[in-house]
Amino acid sequence: GEKPMCSPCVMNSVDVGIALGSACSTVADLRLDSRVLFSAGWAAKRLNLIEGADLIFAIPLSASSKNPFFDRKPPKTE
């Protein structure tokens, strides 16, 4: 049958958070933009894309001239 969704151990979650921060730092060192997305990881889990995983995050990357993960309002002109 289908494995029920459960809450992961907090210690494993802390370890994953540290790894995510380190991965994003490495990406920034390479002058790429990134964003940690819980919602995309949750969707992957619900779709059973990675079997047996209790905790999934997505890290999309971008090499464009503008960071697509942040909306910035244009400066006001008077």
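Here, every reference points to the structure presented above.
In short, a report on the structure. It should be emphasised that the depicted structure is a prediction, and the values quoted were computed from it without experimental measurement.

So, the overall build of the protein chain
Helix and strand content of the protein chain: two helices and two strands. Burial status across the protein chain gives 14% buried among its 78 residues. In the protein chain, the proportion of contacts linking residues at least 24 apart, taken out of those at least 6 apart, comes to 55%. Total accessible area on the protein chain is roughly 6500 Å²; 58% of this is exposed by carbon and sulfur atoms.

With respect to helix α1 (residues 10–29)
Taking 1.5 Å as the rise per residue, α1 with 20 residues should run 28 Å; its terminal C-alpha atoms sit 29 Å apart, in good agreement. Taken residue by residue, α1 has Leu-20, Cys-24 and Val-27 as its buried positions. The buried side chains of α1 occupy one side of the element, clustering within an arc of 55° when seen end-on. With respect to the buried face of α1, the exposed residues turned more than 90 degrees away are Met-11, Ile-18 and Asp-29. Buried positions along α1 lie against β1 (33–34) and β2 (61–62). Backbone geometry just after α1 places Arg-31 at a positive phi near 60°.

Quick notes on the rules
Residues numbered from 1 in each chain as written. Predicted model: local features only at pLDDT ≥ 70, side-chain atom pairs only at ≥ 80, totals over all residues. Heavy atoms only, no water. Helix = DSSP H or I, 4+ residues; strand = E, 2+ residues; numbered from the N terminus. Buried < 20%, exposed > 50% of the residue type's maximum accessible area, 1.4 Å probe, protein only. Contact = heavy atoms within 4.5 Å. Areas by Shrake-Rupley, 256 points an atom, 1.4 Å probe, with all protein chains shown as cover. Expected span 1.5 Å × (residues − 1). Arc of directions from axis to C-beta.

Honestly, it's all geometry; don't read function into it.
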